[in-house]
Every structure is written in structure tokens, then in C-alpha cells.
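Survey of secondary and tertiary structure
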Amino acid sequence: MSLISVEHVSVGYGANTVLRNVSLAIEPAEIVTIVGPNGSGKTTLLRSLIGAVRPASGEIHRKPGLRIGYVPQKLHIDPTLPITVERFLRLPGGHAKIECAQALEEAGVPDLSQRQMSGLSGGQFQRVLLARALMDKPDLLLLDEATQGLDQPGSAAFYLQIEQVRQRTGCAVLMISHELHVVMSASDRVVCLNGHVCCEGTPEIVSAAPEYRALFGTGTGGALALYRHEHDHAHDEECGHDHAHDHSQGAHNKKTEAAE
């Protein structure tokens, strides 16, 4: 049985239709990535899945008892608020210290429990948000551009951690990302969204699809192969630089390479 199935869903805000006739399903233990240009409805789709947005038409079916963990794009915490990582994880209450420690271990940051939230780096902060999403042992983990603002090595390390979480816990993962050169090959399946489902399938199938190339160009195929090489040699930093170069070629803007 699918964890979530979306059947002919349309969502709008006022007169503006954001999603049109979207259908997809998330199966147990798979990693699915949603890609698409800005304004394509990616975040709206995730908000619909967790029940924060009501579809104008269509149906969303969730497996009975489904537990969902959610990692947002960003979360603002007042930098003057004195709160440790452990205290943050235990809010609003109900979790023991050992559960916090286990979640931080799962997220790859076991030594942060007594650190102040305001003193964390961007990558550490996102790992803590991941730990919080893992606290209730979700069947499905949702990530909405969870590496936004991280540099490329930080993003690659985060997604490798997600793969390890899936392997250890068996949870399914649905994530949104603009980092095509990193995320595509970390996925079992890719859904290309632009208000509707343009194409979907394995990363290789989607990256070769005309609909995908019309949106993102043709550079991602090479970047996909390079990421696979980096995945096998996680400490090869040089390969990471090759990613950024290939991705910038695919975007037809070589000037972006330095920025990435």
C-alpha cells in the first residue's frame, strides 16, 4: 500500500491555479525528489500532503496511522533566545533526553545537544531540524529545499546523510530541491513539476526527457554521472568542483560557477 497517493489534485490561491491535475504516489522506503522552476508548485504540493492546504479538486489518500516528519526550508529563531539544541528538540514536551540523543546521532550531529541554537552553523542548524523531524520515527520524511543556503559540500553531505537515514530506518523520503546536480542521483525516482507533472521516472529517464531539458537544459546528465562518482568517493573534493562546473554549463551561465 502506498504511503500517500495523490489523485488528480488541483490547488489554487484565489484566481491563481498553482497545481493542475497532479497525480503521484509515494511508496514505502523510496526516495523521491521533486524538481521544478520557481513558482512551479513544489512547496504547495508538500503543504497539501501534510494537510496545510486544501485541494480545490482531487483527492489525497494517506496510509492509516502514517507518521510524517517535516524539514522546512528555514526556521527563524530569535538569536537572543537562550535555548540549547536539546531543549529545542524537547519542545513542546514529551520527549526524553535519550530520544534527543538518538535523533541527533541519526542526523549525524551527536555532539550538539548542549550547544546554543544561536551558535550553530547553517549546516548544523539543518541537521538539528532533521533530528527534530526524526524524533517521532516517521514513515515518510518531507524536505522542502532543506539545504538552501548551504555550500555544495554541505549539501552533498546532507543528502548522503538522508540516504543513510533511509537505509537505517526504512522511512520513505520526499524532497524538493533546486540542486539538480546533487539530488537527482540520490533519488530512486524524480518528479518534474511545473504546475503539473511534466515527467517522472528514474533520474536517468527524467534527465533525458524533452520536458525536463526544456526547463533545465542538457547539462545535468553529465553532472549526474559526476555525482555518482562523488557518491562512491565521498571525500574527493575535486569531483564536487566538477559538479558545479557542469551544472553551470547546463544553466548556460558560466558565471554562476564561482557563486556556487
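The structure this text deals with has already been given above.
Residues numbered from 1 in each chain as written. Predicted model: local features only at pLDDT ≥ 70, side-chain atom pairs only at ≥ 80, totals over all residues. Heavy atoms only, no water.

1. As for a nonpolar patch on the surface
A contiguous nonpolar patch, built from Ile50, Ile68 and Tyr70 and spanning about 220 Å² of accessible area, is present on the exposed surface. Considering the arrangement of structural elements, one finds isoleucine 68 in strand E5 (residues 68–71). Look at isoleucine 68 and you get partly exposed, because its relative accessible area is 31%. (Patch = residues over 30% accessible without salt bridge, like charges linked within 9 Å, V, L, I, M, F, W, Y side chains within 5 Å. Areas by Shrake-Rupley, 256 points an atom, 1.4 Å probe, with all protein chains shown as cover. Salt bridge = Lys/Arg side-chain N within 4 Å of Asp/Glu carboxyl O. Helix = DSSP H or I, 4+ residues; strand = E, 2+ residues; numbered from the N terminus. Buried < 20%, exposed > 50% of the residue type's maximum accessible area, 1.4 Å probe, protein only.)

2. Observations concerning the pairing of strand E8 (residues 189–193)
A regular strand places its side chains on the two faces of the sheet in alternate fashion. Counting buried positions over the 5 residues of E8 gives 5, a clear majority of the element. Burial along E8 is two-sided: Arg189, Val191 and Leu193 and Val190 and Cys192, pointing in opposite directions, are all buried. Strand direction decides the pairing type here: strand E3 (residues 31–35) and E8, joined by 4 bridges, are parallel. By the bridge assignment for E8, threonine 33 is matched with valine 190. With 4 bridges joining them, E8 and strand E9 (residues 197–201) adopt antiparallel strand pairing. The residue bridging valine 191 from the neighbouring strand is glutamate 200, located in E9. (Pairing = 2+ DSSP bridges.)

3. Some details on the sheet that holds strand E2 (residues 16–26)
Note: strands within a sheet are paired through backbone hydrogen bonds, in either parallel or antiparallel orientation. Taking strand neighbours across the sheet as the criterion, the 3 strands line up as E2-E1-E4 in an open arrangement whose pairing is antiparallel. Because the sheet does not close on itself, it has two edges, and the strands there are E2 and strand E4 (57–62). Here the average twist between neighbouring strands, direction ignored, is 25 degrees. Packing against the sheet, helix H1 (residues 42–49) makes contact with strand E1 (4–13), E2 and E4, and its axis sits at approximately 120 degrees to E1. (Axes fitted to C-alpha atoms, helices over the stretch in contact; angles between N-to-C directions. Contact = heavy atoms within 4.5 Å.)

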